[in-house]
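The residues making up each chain are set out below.
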Amino acid sequence: KRCRRARLNVLERAEVGVDARKLLVLGPMWCWFFVGTMAGACLQSHIQVYALMLPAILTLSMGLVYMFFRQRLKDQLKKMERNRLRKEVDEIN
């Protein structure tokens, strides 16, 4: 039988929505993993074992940036959330 949206109950529709959101995250992750493996294979043929240094350096640099700017990012997100809530309360009043 075909899967018709009209025959799905509320719970099944919610599950379909969750699965669609998962695909929005997992799809690009899979694509970039594939791009990374191809780039790694090309690099390995040119610089052999040193090709592993590129992902290691990228991971280290992103980790350091995150470590140094984590608190600033948290503070900024909290400020944005407070402003959003303030606007919502003002709209209600």
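Now for a quick tour of the structure. (Residues numbered from 1 in each chain as written. Predicted model: local features only at pLDDT ≥ 70, side-chain atom pairs only at ≥ 80, totals over all residues. Heavy atoms only, no water.)

### Focus: a positive patch on the surface
- On the surface, Arg70, Lys74, Lys78, Lys79, Arg82 and Arg86 cluster together to form a positively charged patch.
- By the element assignment, Lys79 lies in helix H2 (residues 53-92).
- For Lys79, a relative accessible area of 45% translates into the label partly exposed. (Patch = residues over 30% accessible without salt bridge, like charges linked within 9 Å, V, L, I, M, F, W, Y side chains within 5 Å. Areas by Shrake-Rupley, 256 points an atom, 1.4 Å probe, with all protein chains shown as cover. Salt bridge = Lys/Arg side-chain N within 4 Å of Asp/Glu carboxyl O. Lys, Arg positive; Asp, Glu negative; His and termini not counted. Charge placed at Lys NZ, Arg CZ, Asp CG, Glu CD. Helix = DSSP H or I, 4+ residues; strand = E, 2+ residues; numbered from the N terminus. Buried < 20%, exposed > 50% of the residue type's maximum accessible area, 1.4 Å probe, protein only.)

### Digging into the packing of aromatic side chains
- Under the criterion given, the structure shown has 1 aromatic pair.
- Ring geometry for Trp30 and Phe34: centres 5.7 Å apart, planes at 10 degrees, overall stacked. Separated by 4 residues within a single helix, Trp30 and Phe34 lie in helix H1 (residues 10-47), roughly one turn from each other.
- Its relative accessible area of 42% is what places Phe34 among the partly exposed residues. (Phe/Tyr/Trp six-rings, centres within 6.5 Å; stacked < 30°, edge-to-face > 60°.)

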